[in-house]
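Overview (structure and organization)
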Amino acid sequence: MSRVFYAAPFHADFPGALLDFALSEGNDPHNVVFLFPHNRPGKYMLRALAVRPDLPRPLLEPSFRSIAGLFGALRAHFAGVPLWNAGSLDRAGLLFECIQAMGGMGFFGPEGKGIDPSTFFFPWGFHLAELFEECLANGVPPADIAHAEAGAAPFAARILERLGRIFPIYAEALRERTWTTPGLDAFH
């Protein structure tokens, strides 16, 4: 295509205008790839494609990819081994195992006494897993945060003070299990 930028007219139906642009130079729809931040726009594009009377039928549809899907496909292609995409519960559980390996039950402190540590940890584990996802996606390893007790609950402060030490253990555990995450796919 000769144009680098295309602005859809303000009054136009965006999926229809995007299809018009993609197919304007005689492109076969099957050879067009759309890349979106997430999967929802692809569903709207399929709907717009289905109602287009000017395209011959049967039709091989274009490819619709999300950025995370593209990174995942590239990582799967170049990994050399099958990778299992760990969900948020899996990541939180793995972090629980990593933290137990770092210091066992003493890590949970006095507020963890008399409580099942796994139920005490999991709400924090989901937040920690999301933080590590952001770090991985941006290629920035987390560092320990000193004196976090002034601005966080005691258990959260103990996690924040050890972020830089938890992260490599977590990353190694993902590698050992041949697990991947969207953030890890983006990093690689």
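Quick look at the structure, then. (Residues numbered from 1 in each chain as written. Predicted model: local features only at pLDDT ≥ 70, side-chain atom pairs only at ≥ 80, totals over all residues. Heavy atoms only, no water.)

Remarks on the pairing of strand β1 (residues 33–36)
Side chains F34 and F36 of β1 all project onto a buried face; the interleaved residues V33 and L35 project onto a face where none is buried. Where β1 lies against strand β2 (residues 63–66), four bridges are found, and the strand directions are parallel. Considered in β2, the bridge of L35 is made with R65. With helix α2 (residues 40–50) bridging β1 and its parallel neighbour β2, the resulting β-α-β unit is right-handed. (Buried < 20%, exposed > 50% of the residue type's maximum accessible area, 1.4 Å probe, protein only. Helix = DSSP H or I, 4+ residues; strand = E, 2+ residues; numbered from the N terminus. Pairing = 2+ DSSP bridges. Right-handed = clockwise from strand over helix to strand, strands pointing away.)

Section: the side chain of T180
Along the polypeptide, T180 turns up in strand β4 (residues 179–180). Note on T180: relative accessible area 4%, which makes it buried. Of the polar contacts made by the side chain of T180, one reaches the side chain of D185; its length is 2.5 Å. Sequence-distant contacts of T180, defined by excluding residues within four places in its chain, comprise R75, L83, W84, N85, A86 and D185. (Polar contact = N/O pair within 3.5 Å; in protein donor to acceptor, adjacent residues only side chain to side chain. Contact = heavy atoms within 4.5 Å.)

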